Amino acid sequence: MLFFNSRLFYVGMVSFVLILVLILSMWVRYTIPEHMDVPSIPPSNALYKNTKIPIEVRVQDLLSYMTLNEKIEQMVLVEKNSVHNLDDITSYGLGAMLSGFGAKPTDNTGIGWNTMVTDFVMRSEKSRLGIPLFYGVDAIHGHSNIANATIFPHFIGLGATGNVKLVEDVARATAEELVATGIRWSFSPTLDMPRDIRWGRTYETFSDDPVLVGKLGTAYINGLQKEKAGSSTSSIFVMGTPKHFVGIGGMQWGSSSNKDFKIDQGTTYPDEAKLREEYLFPFTKVIDAGALSIMIGLNSWGDTKLSASSYLVTNVLKGELGFKGFAVSDWYGVYEISKSKYDSTVSAINAGIDMVMLPFDYSTFVGNVLHAVQNGDIAESRIDDAVRRILRAKFALGLFDAQSPHVSLDVIGSAEHRALARDAVAQSLVLLKNENAVLPIATTTRFIRVAGSTADNIGRQAGAWTVEWQGIDGNWLPNATSILAGIRARAGSTTRIAYDELGNFADDGEIADIGIAIVGEKPYAEGWGDTAYPILSIEDREAIKKLRATSKKVVVIIVSGRPLFVTNEIASWDAVVAAWLPGSEGEGVADGLFGDTPFVGTLPLPWPHHTEQLPIMRDGRTADKTSVLFPRFFGLR
Ligand code: GLC
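Everything numeric here is computed off the predicted structure, so don't read it as measured data. (Residues numbered from 1 in each chain as written. Predicted model: local features only at pLDDT ≥ 70, side-chain atom pairs only at ≥ 80, totals over all residues. Heavy atoms only, no water.)

### Some thoughts on the overall build of the chain
Each helix and strand in the chain was counted, giving 20 helices and 17 strands. Within the chain, the proportion of its 637 residues that are buried is 60%. Long-range pairs, those at least 24 residues apart, make up 76% of the contacts in the chain between residues at least 6 apart in sequence. For the chain, the exposed surface amounts to about 24,000 Å²; the carbon and sulfur share of it is 57%. Averaging the positions of the 58 positive and the 70 negative side-chain charges in the chain gives two centres separated by 2 Å. (Helix = DSSP H or I, 4+ residues; strand = E, 2+ residues; numbered from the N terminus. Buried < 20%, exposed > 50% of the residue type's maximum accessible area, 1.4 Å probe, protein only. Contact = heavy atoms within 4.5 Å. Areas by Shrake-Rupley, 256 points an atom, 1.4 Å probe, with all protein chains shown as cover. Lys, Arg positive; Asp, Glu negative; His and termini not counted. Charge placed at Lys NZ, Arg CZ, Asp CG, Glu CD.)

### Things to note about the packing of aromatic side chains
A full pass over the atoms with the stated rule returns 22 aromatic pairs. With 6.2 Å between their ring centres and 80 degrees between their planes, Tyr48 and Phe400 make a pair best called edge-to-face. Of this pair, Tyr48 sits in the loop between α2 (7-31) and α3 (55-65) while Phe400 is found in the loop between α15 (380-396) and α16 (415-428), placing the two residues 352 residues apart along the sequence. The exposure class of Tyr48 is buried, given its relative accessible area of 2%. Centroid distance Tyr332 to Tyr335: 5.4 Å. Interplanar angle 65 degrees. Geometry classified as edge-to-face. (Phe/Tyr/Trp six-rings, centres within 6.5 Å; stacked < 30°, edge-to-face > 60°.)

### Comments concerning a nonpolar patch on the surface
A cluster of nonpolar side chains, namely Met13, Phe16, Val17 and Leu20, defines an oily patch on the protein surface of about 370 Å² accessible area. When you line up the elements, Val17 lands in helix α2. Owing to a relative accessible area of 42%, Val17 belongs among the partly exposed residues under this scheme. (Patch = residues over 30% accessible without salt bridge, like charges linked within 9 Å, V, L, I, M, F, W, Y side chains within 5 Å. Salt bridge = Lys/Arg side-chain N within 4 Å of Asp/Glu carboxyl O.)

### Digging into the domain arrangement of the chain
Many descriptions give the size of an interface as the accessible area lost when the pieces come together. Looking at the assigned domains, one finds that the chain contains domain 1 (47-410) and domain 2 (429-613). Of note, the centres of domain 1 and domain 2, computed from C-alpha atoms alone, are 35 Å apart. Carbon and sulfur atoms make up 62% of the surface buried where domain 1 meets domain 2, a total of about 3,000 Å² over both sides. Contact with domain 2 buries surface across domain 1, with Ile197, Arg198 and Tyr203 losing the most and accounting together for 22% of the total. (Domains from an automatic or database assignment. Buried area = accessible area lost by both parts, 1.4 Å probe.)

### Some words on α15
In this model, α15 (17 residues) spans 24 Å end to end at C-alpha, consistent with the 24 Å of a helix rising 1.5 Å per residue. Among the 17 residues in α15, 13 count as buried, and that is most of the element. Positive backbone phi, at 75 degrees, marks Gly398, one or two positions downstream of α15. (Expected span 1.5 Å × (residues − 1).)

### Digging into the site of the ligand
Residues in contact with the ligand, as listed here, are Leu98, Asp138, Phe187, Arg201, Lys243, His244, Met295, Asp330, Trp331, Met357 and Glu526. In this structure, His244 approaches the ligand through a side-chain N or O atom, which is 2.7 Å from an oxygen atom. The contact in question runs from an oxygen atom of the ligand to an N or O atom on the side chain of Asp330, over 2.6 Å. In isolation the ligand has 310 Å² of accessible area, and contact with the protein removes 95% of it. Considered class by class, the residues forming the shell around the ligand number five nonpolar, one polar and five charged. (Near = heavy atom within 4 Å. Polar contact = N/O pair within 3.5 Å; in protein donor to acceptor, adjacent residues only side chain to side chain. Nonpolar A, V, L, I, M, F, W, Y, C, P; charged D, E, K, R; others polar.)

### Some words on the environment of Gly592
Among the secondary structure elements, Gly592 is positioned in helix α20 (residues 587-593). It is 9.7 Å that separates the C-alpha atoms of Gly592 and Ser428, two residues lying 164 residues apart in sequence. Those residues within four positions of Gly592 in sequence are excluded, and the remaining contacts are Leu429, Thr597 and Phe599.

### Considering the pairing of strand β13 (residues 447-451)
On a regular strand, one side chain projects to one face of the sheet and the next to the other, so that they alternate. Counted residue by residue, β13 has five buried out of five residues, so it is predominantly covered. Relative to strand β14 (residues 496-499), β13 runs parallel, the two sharing four bridges. When the bridges of β14 are listed, Phe447 appears paired with Arg496. Of the strand pairs in this sheet, β13 and strand β15 (residues 512-520) are connected by four bridges, and their pairing is parallel. (Pairing = 2+ DSSP bridges.)

### Comments concerning the nonpolar core
Most often, soluble globular proteins have nonpolar side chains that are buried together. Within the largest apolar cluster, 122 residues are counted, with the highest numbers of intra-cluster contacts made by Phe134, Tyr135, Phe245, Phe365 and Ile383. If we skip the residues at most four places from it in the chain, Tyr135 touches Lys80, Met97, Leu98, Ser99, Trp113, Met116, Val117, Phe120, Ile183, Arg184 and Trp185. By size, the runner-up hydrophobic cluster in this structure holds 69 residues, among which are Trp465, Ile483, Ile544 and Ala579. (Core = buried A, V, L, I, M, F, W, Y, C linked by side-chain atoms within 4.5 Å.)

### A look at the packing of helix α13 (residues 341-351) against helix α14 (residues 362-374)
At a minimum axis distance of 10 Å, the contact between α13 and α14 shows a crossing angle of 70 degrees. Comparing their axes, α14 and α13 come out roughly perpendicular. The two elements α13 and α14 meet at a crossing, and its hand is right-handed. The residues of α14 that touch α13, namely those facing Lys341, Tyr342, Thr345, Val346 and Ile349, are Phe365, Asn368, Val369, His371 and Ala372. Tallied by class, residues from the contact of α13 with α14 come to six nonpolar, three polar and one charged. (Axes fitted to C-alpha atoms, helices over the stretch in contact; angles between N-to-C directions. Parallel < 35°, antiparallel > 145°, perpendicular 65-115°, else oblique. Left-handed = near helix turned anticlockwise from the far one by under 90°.)

### Considerations on the sheet that holds strand β8 (residues 300-301)
Taken in spatial order, the three strands make up an open sheet running β6-β8-β9, and their pairing is mixed. This sheet does not close on itself; its edge strands, each paired only once, are β6 (267-268) and β9 (304-305). Taken together, the two bridges between β8 and β9 define a ladder with antiparallel strand orientation. Bridge assignment links Trp301 to a residue of β9, and that residue is Thr304.

### Things to note about the environment of Glu272
Among the structural elements, Glu272 can be located in helix α10 (residues 272-279). With 10 residues separating them along the chain, Glu272 and Pro282 place their C-alpha atoms 16 Å apart. Those residues in contact with Glu272 that sit more than four places away from it in its chain are Trp301 and Tyr311.

In structure tokens, the structure reads:
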């Protein structure tokens, strides 16, 4: 007992407790990361919840409540089929999700989409700070994930119209069909400019001319983002994402980093002056128009992947061009920077990528970034800058504010939108040849033969990015009209029309007044469309020959995503019309053929004579210095 009363005992006990406290504090210091913020709970009247105060104040206020984890989770863009436990949307506070093209709800209708997207957003609003997530899709020619949506002409056809007002109206109609399904973000407009038509994404572009692309890109962003005149809210309607920064279309043939492709995801111009002169201008225009996010391309500049180029992403895009929105990387592009996911993530975020389209495995990404901040590979100030840019866009979209825009599901595929699409088709037609004015076709014409792979094939006239990423060949699109159906509907009541896809008509010895060949390409997307020889199929060329033998005059309608080499055949055709990829409203082609609408379209890019001319530069110069078949902006009236 004496011992327990002794001074020695108390000194020993005090020392023991002090050592224990020291060990404990060491343990806390080195095992629980220093960044384990103690989450501060925002008051119900927190500034960021107040719709009346400036966005910058709301951004800064919200940021001040966020833990490092919550900040990093705002930088995630994950594909919806990669979220295996939907509770993660809440527990992780995921910042953004997307449908990789074709990733649809089981019920692929407007209501099916609306139910799915609304559920995702509501789950995100149950996170600690209730930050609503972005949901994005590629609505690049209408809300074309949905079969009964209005499928507008692909951009190359819109480029052929050159019509700023029409392009803005098409973007607006597309935005309405998106908002009807709860979606407020589209990865469009494309500002790429093709120098080489062997590239599988030529049809996704307006033109190879920077001035035209700047004008139509601005029109498209305005159509997506501007609220209708007189609207009650100041928020933007649908956020666009001009893409892909920078120099996509200028890749060199054979330089693709993807072993399955030839030019897509390749290396763009090495010469900085040429890269700037040919590719920056459209981005300056859309930034002036209020773009809040820009997608960084999968191409490379020299040996550097665009997502790892701090010079182009931070110095040029954010510095010189003054872009205040967020830079989002393209599909898995960050992880193509190097073999290490950790190093690639560090390179991309330090280069200025603010949101990463992973698109899978968000937990690895969050862990890597957390680790990188803890050990100083990424400064927390860089994270704060990225999150500020993302939150700025979320506030501008009004995602935090109660009254998100409502549009009735009836708008999807509505008669009004289809009429607009039909008008866009008619304006996109480019008349390349018209010997002896065989066009327009008189409704009193006695006998018309029709042939070709794309006459009665809505899947081909719509092209890819239609319900499925690579599109679907064949007549499967509901409520759409094939070009043949448009001709049948428009021809005179006394006109006889004979159709055979291959041109195998009964040998009745009769000669038709006009033979119409509607020919073109199978659907393809991205690098799967890279081809050394963009030409007509042998079946289509045979069908044209059979029409030639059984008709007085032959009209060829080329339905393709790009100019095709027709140099050796075009001399024997009386009339030629480039119809591009018109989408669901095939009647628009008949409107031009029968003269209901004038031919106003012009070539959005040069139509080459042969392969050795490629690439063709902005001033029209060809690689072998010979003349193209038809120059940019050519079009007969
Ligand atoms: C694709 C495309 C890009 C698209 C994205 C999401 O790979 O490069 O244009 O927006 O992935 O589908």
